[in-house]
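A structural walkthrough
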Amino acid sequence: MTDWLLRLCGVKLDQAGQIAGAQVALRNSSMLGWIVPLAIVLGALAWWSYWRDAREMISPARRRVLSGLRMLLFLLLLLLLLRPVLVFKVETSIRRTLLMLFDASGSMNIRDPRFDEADLKRAALAKDLLDPRSGLDAMLDPARAGELKLVPRVEVLKAVLKNPRLALLEKFAKSFDLETYTFGQALAELAAGPAMPEAPASAWVDQLEAKSPSTALGDAVRDLLMRKRGQPLAGIFLGTDGASNTGSQALEAARLARAEGVPLYLYGVGITSPRDIIVANMFTQDVAFVKDELPVTVRVRGQGLRGQSAKMVLRLGNEVVASQELTFADDDEQTVALPFTPTAMGEFELSASIDPRDDEAVKDNNVVTQRLKVIDSKVKVLFAEQAPRWEFRYLQSVLLRDRRLELKCWLVEGDPSIAGGEGSPYLKTFPTTKDELFQYDLVILGDVGPKELGAAPMQWLAEFVAKFGGSCLFLAGPRSNPAGYRGTELEKMLPVELAEAAATKQGPERPTLLELTAHGRTEPMLKLSAKDDENVAIWRRFPKVYSVARVARAKPAAQVLLQDSDETKASKFGKMPVVAQQQFGLGQVFYVGTDNTWRWRRNADERLYPLLWGQIAQKLGLRHLLGGSKRTQLTVDKQSYSTGDRVTVYARLYGADFNPIKDASVEGGYTVKLPGGPAAGERQTVTLRAVPEQPGMYRGDFTALAPGTHQFSVKSDPGTFVEFSVAEPKFESGETAMNEPLLKQMAEISGGAYFREETLSKLAEAMSSKQERVASTVDAELWSSPFYFLLILAVATTEWALRKRGQLK
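Summarised in this report is the structure supplied together with it. Predicted model, so just to flag it, every value in this text is computed and none were measured. (Residues numbered from 1 in each chain as written. Predicted model: local features only at pLDDT ≥ 70, side-chain atom pairs only at ≥ 80, totals over all residues. Heavy atoms only, no water.)

With respect to the helices and strands, the residue A104 is situated in the loop between β3 (97-103) and α4 (117-126). For A104, a relative accessible area of 13% translates into the label buried. Expressed as a C-alpha distance, the spacing of A104 and V154, which sit 50 residues apart in the sequence, is 8.0 Å. In this view, A104 contacts T182, F183, E209, A210, K211 and S212; residues no more than four positions away in its chain are not counted. (Helix = DSSP H or I, 4+ residues; strand = E, 2+ residues; numbered from the N terminus. Buried < 20%, exposed > 50% of the residue type's maximum accessible area, 1.4 Å probe, protein only. Contact = heavy atoms within 4.5 Å.)

Take a look at the structure:
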């Protein structure tokens, strides 16, 4: 009926449109000023005509009806001049697009060990063994439970999409246009249309495969939103276990979805508390000394195993070198200390493992490995100092007792006779030749002035670090270090910028605490405990220092490890750096801006002071010690890679006369040793090309394709090589529980909803209830419409008929 009336008004609406309101408007409203008086005159004339001519022929009631019809006819005719229109407000629903996004990462292959009844019922609901409308209240046949205990997550997802009683895809297709995507490391579109017209809507589901080695959940949602920006979207239906181990934050992507008006409807696949032992990380040195105890700390987590025990075993190669029983508490990560003493030199694989349980979700995340090199050489350290100050005395004592170090000291103000005794650690002079200096691995430069050192030794020291991979440690003092090195080669090496000369002339300082920076918390040299929180607490307990060298700021390439907590010494660049490090050419420069570290022996554990300085000296000296030939220096940008990563190799090459090689390119190559086995395949050739404006420096790149230990060398010096490890990434087995809290947060933030198998029957209804409607207006030209013509005709005909009946002309 409504549609028929609209057609009479000259309006035709689309089936999706609904009338939300209507109003009359006049297009020639400017004529209303003289149309109204004219209507009054014509109305009065009609009334007077019937009153005068028909008064004696018809009754008063009929006369009033006829007068009214005549007035209405005049009014309708006058309205034609005003051009009346009927304005309809029409709301039209838009057929929007529903984006379907499915997890294709390796974690979707996890076979969740379902022991809980609710988890078994969820798998049964997915595989159409239970009525989805009954949810978890349905009764599960115990005979079917066995086939549901170890179903992979990706198979559960496929079963849900193909479930005929849920009919999700069919319901979606009725209301929305569908586009399907998968994600792992990157977003990929999946052809969701059936191959044949008669094929079911779910025919493409079998294309879903879980192969990606990592999950970038946040990136996937963000990229999909950017691709579809500006298009009418019903939302994103996202099937995932919530793992997100690379890329941007998933919650930030959910906030972006809310800003774009795109709700996320998340279906959580998997179980929230699978039983699993996760051996996460191992912390120890890359290089150890034979017959010297090596601290090893392993982080492990027992998921769903509260109160149960396990045995962690540490192996060096195939030999068990340490073990420890542990008991799991809650799902929190715990650390296990496994110190041991290596007894043989060589290259080994150090592994920490726990035997997998039968009921674990994943059995290949129970072991963590690391390459370890055991050596018997000592780090050669040269300690140059002006006078026997307290810092020198304590530090010299610590370094002399460290069996991993071979220490020689040059004391400017010392009696020359102290260098004459048998086994004396003292030297009469600073090394007088470049070759003599280059025999050391680490040079500790105390409060020695440039005049005492001399111009040539300072130049040698810069070359020792930059070109030959040595390390230099600046230990500040009140006389010359670091302010006295202004304008010398040593100033270029410093990781800090010197303050103005006036700023360095300060009176007695008040004691101050040194605090760890973000870089300092992660720096292995400053790790005094395997636990991060405990390490920070140790540094806070250290006594205050009474002397800190004034510097302006850290250089751009430097890392600040410790800073002065005194806000009055801060600058616009932040708090004043006290301990900093930076790469200088091939070598390392370490700066300690206080000579009060000896005070840290008081009111603290006595072992911490020698532990700290032992770690610093060993880490700085080992790089040069293990460098092999001094004329061939090889480095890589990282020590550990995942398969598929890009490896960048740098080579600094010198001839027999220590002059840099000037060839445009050199040939290098690598061999791969499989884990626990021999070399795999032939040597692979890599061309290294000269780096512009850096004589003797070459660079090459290649992709790490095979797991194992890679050994890289150049053709001109095959005996010198650099080793690094390549492993298959294990991102997907690091966290085996479905991340339900994350998925719920994403749904809430975006304005969507979170679903499990027992609530999926309500998903299509929840999406359809949020239909988007667009309001528009449609004008019906009443004055020229069939309805208006019929109305005039009806009024005129009625008056004519009544007049004839009353025998009027």
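After presenting the structure, the write-up continues.
What follows covers the sheet that holds strand β23 (residues 559-564). If you walk across this open sheet you meet the eight strands as β17-β16-β18-β19-β25-β24-β23-β21, and the pairing is mixed. The sheet is open, and its two borders are formed by β17 (405-411) and β21 (514-516), each paired with just one other strand. Between one strand axis and the next, the sheet turns by 15° as a mean value, whatever way the strands run. In terms of strand pairing, β21 meets β23 through three bridges, oriented antiparallel. Its bridge partner lying in β23, L516 is registered against L562. Across the sheet, helix α9 (residues 390-401) touches β16 (379-385), β17, β18 (442-445) and β19 (471-475), and the angle it forms with β17 is around 155°. (Pairing = 2+ DSSP bridges. Axes fitted to C-alpha atoms, helices over the stretch in contact; angles between N-to-C directions.)

In this section: the pairing of strand β10 (residues 297-303). Consecutive side chains of a regular strand alternate in pointing toward one face of the sheet and then the other. Counting buried positions along β10 gives seven out of seven residues, so the element sits mostly inside the fold. Burial along β10 is two-sided: T297, R299, R301 and Q303 and V298, V300 and G302, pointing in opposite directions, are all buried. Of the strand pairs in this sheet, β10 and strand β13 (residues 334-337) are connected by four bridges, and their pairing is antiparallel. Residue R299 lies in a different strand from β13, and its bridge partner there is T335.

On the secondary structure map, Q563 appears in strand β23. Taking the relative accessible area as the measure of exposure, Q563 reaches 18% and is therefore buried. Of the polar contacts made by the side chain of Q563, one reaches the side chain of E515; its length is 3.0 Å. Beyond its immediate chain neighbours, meaning those up to four positions away, Q563 contacts L513, L514, E515, T517, K575, M576, P577 and V578. (Polar contact = N/O pair within 3.5 Å; in protein donor to acceptor, adjacent residues only side chain to side chain.)

Looking now at the side chain of Q582. By the secondary structure assignment, Q582 is in strand β24 (residues 577-584). Polar side-chain contacts of Q582 include one of 3.0 Å to the backbone oxygen of M493. A polar contact is formed between the side chain of Q582 and the backbone oxygen of L494, at a distance of 3.3 Å. Each residue touching Q582, except ones within four places of it in the same chain, is listed here: K492, M493, L494, P495, K555, A557, A558, G587, Q588 and V589.

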